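Here is how the chains run, residue by residue.
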Amino acid sequence: MQLENAIVIRIKTSGFDLDKIAQSGHCFRWVEIGPSKYLVIDGRRQALLEKIEPSISGVSSVSGVKISCADMPGHPAHWFRYLDLQTDYSAMRAAIPWQDAPTTEAADIANGVRLLRPNLWETIITLVISQGMSVEKTRATVTRMCAALGDLCGGPFGVYRAFPGPEVLRNATERLKSLGLGYRARYVSNIARLVLEGEICLDYLHTADYTEARTYLKSIDGIGERIASLICLYGLGMKEAFPADANFKKIVARKYDGRFPVELYGTNRGVAWLYVTTADRMERGRGK
């Protein structure tokens, strides 16, 4: 694979597993190209992510990730932030209250998953598209949209299509319908128009607190409670967001006797949600 003009960063950290992150249900622009090896696009940036196998020394071993990206200002820092590498997920797992046995079990199963911090514009549009779609269908739809409307970019691993910006999507309702967005096409085009006209301010969302951001997002046509919470969780890194959708409620009915103890998790309840939903996806993938 091409490695021209690339910088390679190796980060060893506990509680990190690329394959489990890929299975978490929100990696719409990840392409697996080998065992624990993914080509990833976020906005207009491209990176190759590879698992670092643990090297055993005495009784301890630490795994991690190798990030290969463009040798350009801002790119390494972008991927560090994208992977939320500044957060100690092992400490979060250790802090799960002993009385919450189902979440303890889920965190053990999903150990290594983490909340990504993708481009906010891309997060908003992708999650609006995802409404009523499976993860697999969303991924295919986003891929078609980028292939048809995204700018052609060159990166250290070849050419790729960037995520289309608001200037492209503003008047693309019919084109988006033809790409499989259905009724969501109108929402996407309208959000693009409002961003360009300054009616939606992405910079404001980066400075707002969770309550303010969620309220602001829910005022936008096409964004309800669940999508607003997911945007806060992924696009804004607000770990207090808690998208208790229909699937999560089914898990709670099955494993928590109908009530999840959200009050035990404070500002990290979004991480608990991530462990529970990822473990459920992994178990269903194994046929359980």
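Here is what the cut-offs are and how they apply
Residues numbered from 1 in each chain as written. Predicted model: local features only at pLDDT ≥ 70, side-chain atom pairs only at ≥ 80, totals over all residues. Heavy atoms only, no water. Pairing = 2+ DSSP bridges. Helix = DSSP H or I, 4+ residues; strand = E, 2+ residues; numbered from the N terminus. Axes fitted to C-alpha atoms, helices over the stretch in contact; angles between N-to-C directions. Parallel < 35°, antiparallel > 145°, perpendicular 65-115°, else oblique. Left-handed = near helix turned anticlockwise from the far one by under 90°. Contact = heavy atoms within 4.5 Å. Nonpolar A, V, L, I, M, F, W, Y, C, P; charged D, E, K, R; others polar. Buried < 20%, exposed > 50% of the residue type's maximum accessible area, 1.4 Å probe, protein only.

A. Molecular detail of the sheet that holds strand β5 (residues 64-70). Strands sit in the order β1-β5-β4-β3-β2 across an open sheet of 5 strands; the sheet is antiparallel. Looking at the sheet topology across the chains shown, the edges are occupied by β1 (6-12) and β2 (30-34). Along the sheet, successive strands turn relative to each other by an average axial angle of 25 degrees, direction set aside. For β1 and β5, the ladder comprises 7 bridges, and the chain directions are antiparallel. Counted as the bridge partner of A6 is A70 from β5.

B. Molecular detail of the packing of helix α5 (residues 120-129) against helix α12 (residues 225-235). Running from N to C, α5 and α12 cross one another at 150 degrees; their axes reach a closest spacing of 10 Å. Here α5 lies roughly antiparallel to α12, going by the angle between them. Of the two possible hands of crossing, α5 and α12 adopt the one that is right-handed. In this structure, α5 uses L120, T123, I124, L127 and V128 to contact α12, whose residues at the interface are I227, L230, I231, Y234 and G235. Classifying every residue of the contact of α5 with α12 gives 8 nonpolar, 2 polar and no charged.

C. Representation of the pairing of strand β3 (residues 37-42). For β3, a buried count of 5 out of 6 residues is recorded, marking the element as mostly surrounded by other parts of the structure. By the bridge criterion, 4 bridges tie β2 to β3 in an arrangement that is antiparallel. When the sheet's bridge partners are listed, E32 is paired in β3 with Y38. Between β2 and β3, which pair antiparallel in sequence order, lie 2 residues; one of them, S36, sits at a positive phi of approximately 50 degrees. For β3 and strand β4 (residues 45-52), the ladder comprises 6 bridges, and the chain directions are antiparallel. Counted as the bridge partner of Y38 is L49 from β4. Taken together, β3 and the strand that follows it, β4, pair antiparallel across an intervening segment of 2 residues, in which G43 is found at a positive phi of about 65 degrees.

No statement about biological role is implied by the geometric values presented.
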